[in-house]
Amino acid sequence: QVHLVESGGGLVQAGGSLRLSCAASGRAFSSYAMGWFRQAPGKAREFVSAITWESSRETYYADSVKGRFTISRDNAQNTVYLQMSSLKPEDTAVYYCAARPKTVVGDITIGWYHWGQGTQVTVSS
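Let me begin by describing the structure that accompanies this report. As the structure is a prediction and not an experimental result, all values here were calculated from the model.

**Observations regarding the state of the cysteines**
So, step 1. The full count for this structure, using the stated rule, is 1 disulfide.
So, step 2. Disulfide partner of cysteine 22: cysteine 97, at an S-S distance of 2.1 Å. Between cysteine 22 and cysteine 97, the disulfide has an S-S torsion of -80 degrees and is therefore left-handed. Of this pair, cysteine 22 sits in strand 3 (residues 18-26) while cysteine 97 sits in strand 9 (residues 93-101), and the two are 75 residues apart along the sequence.
So, step 3. Residue class for cysteine 22 comes out buried when judged on its relative accessible area of 0%.

**Here's the deal with the sheet that holds strand 7 (residues 69-74)**
So, step 1. The sheet built from 4 strands is open, its strands ordered 1-3-8-7 with antiparallel pairing. Lying at the two open borders of the sheet, with one neighbouring strand each, are strand 1 (2-7) and strand 7. Averaged over all neighbouring strand pairs, the angle between strand axes comes to 15 degrees, with direction disregarded.
So, step 2. Sheet topology note: the strand 3/strand 8 (residues 79-84) ladder contains 6 bridges and is antiparallel. The residue bridging cysteine 22 from the neighbouring strand is valine 80, located in strand 8.

So, how was this worked out
- Residues numbered from 1 in each chain as written.
- Predicted model: local features only at pLDDT ≥ 70, side-chain atom pairs only at ≥ 80, totals over all residues.
- Heavy atoms only, no water.
- Disulfide = S-S within 2.5 Å.
- Helix = DSSP H or I, 4+ residues; strand = E, 2+ residues; numbered from the N terminus.
- Buried < 20%, exposed > 50% of the residue type's maximum accessible area, 1.4 Å probe, protein only.
- Pairing = 2+ DSSP bridges.
- Axes fitted to C-alpha atoms, helices over the stretch in contact; angles between N-to-C directions.

As C-alpha coordinates, then:
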(Lines give C-alpha, C1' and ligand atoms only; values in the text may rest on other atoms or scores of the structure.)
Protein backbone atom coordinates (compact mmCIF):
# COMPACT_ATOMS: atom_id res chain seq x y z
CA GLN A 1 0.00 0.00 0.00
CA VAL A 2 1.19 3.50 -0.84
CA HIS A 3 -0.02 6.68 0.83
CA LEU A 4 0.44 9.86 -1.22
CA VAL A 5 0.39 13.49 -0.10
CA GLU A 6 0.64 16.36 -2.58
CA SER A 7 1.86 19.87 -1.87
CA GLY A 8 2.96 22.96 -3.73
CA GLY A 9 -0.26 24.11 -5.29
CA GLY A 10 -1.38 27.72 -5.22
CA LEU A 11 -2.32 30.80 -7.18
CA VAL A 12 0.01 32.00 -9.93
CA GLN A 13 -0.25 34.42 -12.82
CA ALA A 14 -0.24 33.20 -16.40
CA GLY A 15 3.31 32.60 -17.55
CA GLY A 16 4.47 31.76 -14.05
CA SER A 17 5.79 28.55 -12.55
CA LEU A 18 4.98 26.16 -9.75
CA ARG A 19 6.51 22.96 -8.51
CA LEU A 20 4.27 20.27 -7.12
CA SER A 21 5.60 17.62 -4.80
CA CYS A 22 4.17 14.26 -3.85
CA ALA A 23 5.52 12.48 -0.81
CA ALA A 24 4.90 8.76 -0.66
CA SER A 25 4.91 6.51 2.35
CA GLY A 26 4.74 2.77 2.34
CA ARG A 27 6.83 0.03 0.92
CA ALA A 28 8.79 -0.17 -2.28
CA PHE A 29 8.21 3.31 -3.66
CA SER A 30 10.83 2.61 -6.29
CA SER A 31 8.76 -0.22 -7.73
CA TYR A 32 5.84 2.04 -8.64
CA ALA A 33 5.40 4.22 -11.65
CA MET A 34 4.38 7.68 -10.46
CA GLY A 35 2.08 10.05 -12.22
CA TRP A 36 0.14 13.27 -12.13
CA PHE A 37 -3.44 13.79 -13.17
CA ARG A 38 -5.66 16.85 -12.99
CA GLN A 39 -9.34 17.66 -12.85
CA ALA A 40 -10.80 21.01 -13.78
CA PRO A 41 -14.28 22.06 -12.63
CA GLY A 42 -16.97 20.29 -14.62
CA LYS A 43 -14.45 18.12 -16.45
CA ALA A 44 -13.22 14.56 -16.14
CA ARG A 45 -9.89 13.80 -14.56
CA GLU A 46 -7.15 13.70 -17.18
CA PHE A 47 -3.64 12.34 -17.44
CA VAL A 48 -0.86 14.92 -17.18
CA SER A 49 2.44 13.11 -16.81
CA ALA A 50 4.12 9.93 -15.59
CA ILE A 51 7.54 8.51 -14.84
CA THR A 52 8.32 4.82 -14.79
CA TRP A 53 9.81 2.82 -11.97
CA GLU A 54 12.69 1.38 -13.93
CA SER A 55 16.17 2.88 -13.76
CA SER A 56 15.58 4.29 -17.24
CA ARG A 57 12.83 6.45 -15.77
CA GLU A 58 10.93 6.96 -18.96
CA THR A 59 8.65 9.97 -18.89
CA TYR A 60 5.31 10.63 -20.52
CA TYR A 61 3.37 13.83 -21.01
CA ALA A 62 -0.02 14.87 -22.25
CA ASP A 63 0.24 16.91 -25.42
CA SER A 64 -1.25 19.90 -23.63
CA VAL A 65 1.69 20.15 -21.21
CA LYS A 66 4.57 18.83 -23.30
CA GLY A 67 7.48 21.25 -23.28
CA ARG A 68 6.11 23.15 -20.28
CA PHE A 69 5.94 20.53 -17.50
CA THR A 70 8.72 18.25 -16.25
CA ILE A 71 8.25 15.23 -14.04
CA SER A 72 11.02 13.79 -11.90
CA ARG A 73 11.40 11.47 -8.94
CA ASP A 74 13.76 11.03 -6.03
CA ASN A 75 13.53 7.46 -4.83
CA ALA A 76 15.76 8.17 -1.84
CA GLN A 77 13.23 10.77 -0.66
CA ASN A 78 10.16 8.83 -1.81
CA THR A 79 9.06 11.93 -3.66
CA VAL A 80 7.89 12.76 -7.16
CA TYR A 81 7.83 16.29 -8.53
CA LEU A 82 6.02 18.14 -11.28
CA GLN A 83 7.75 21.32 -12.38
CA MET A 84 5.21 23.47 -14.22
CA SER A 85 6.31 26.44 -16.28
CA SER A 86 4.65 28.84 -18.70
CA LEU A 87 1.40 28.18 -16.92
CA LYS A 88 -1.87 29.01 -18.65
CA PRO A 89 -5.34 29.67 -17.23
CA GLU A 90 -6.44 26.35 -18.74
CA ASP A 91 -3.98 24.58 -16.43
CA THR A 92 -6.22 25.52 -13.52
CA ALA A 93 -7.32 22.30 -11.83
CA VAL A 94 -6.91 20.07 -8.83
CA TYR A 95 -3.74 18.08 -9.41
CA TYR A 96 -3.54 14.53 -8.13
CA CYS A 97 -0.52 12.35 -7.57
CA ALA A 98 -0.93 8.67 -8.36
CA ALA A 99 1.03 5.43 -8.15
CA ARG A 100 0.89 2.45 -10.49
CA PRO A 101 2.36 -0.92 -9.55
CA LYS A 102 5.15 -2.20 -11.75
CA THR A 103 3.04 -5.25 -12.57
CA VAL A 104 0.73 -3.03 -14.63
CA VAL A 105 1.87 -2.62 -18.21
CA GLY A 106 0.50 -1.02 -21.33
CA ASP A 107 -1.38 2.26 -21.67
CA ILE A 108 0.27 4.66 -19.23
CA THR A 109 -2.98 6.51 -18.59
CA ILE A 110 -4.67 3.56 -16.89
CA GLY A 111 -3.95 1.17 -14.02
CA TRP A 112 -3.35 3.83 -11.34
CA TYR A 113 -4.45 2.31 -8.08
CA HIS A 114 -3.24 4.74 -5.44
CA TRP A 115 -4.20 8.41 -5.27
CA GLY A 116 -3.42 11.45 -3.19
CA GLN A 117 -6.00 13.94 -1.98
CA GLY A 118 -5.12 16.57 -4.57
CA THR A 119 -3.71 20.08 -4.53
CA GLN A 120 -5.34 23.11 -6.16
CA VAL A 121 -3.52 25.01 -8.88
CA THR A 122 -5.09 28.25 -10.05
CA VAL A 123 -3.63 30.26 -12.92
CA SER A 124 -4.96 33.78 -13.32
CA SER A 125 -4.99 35.58 -16.64
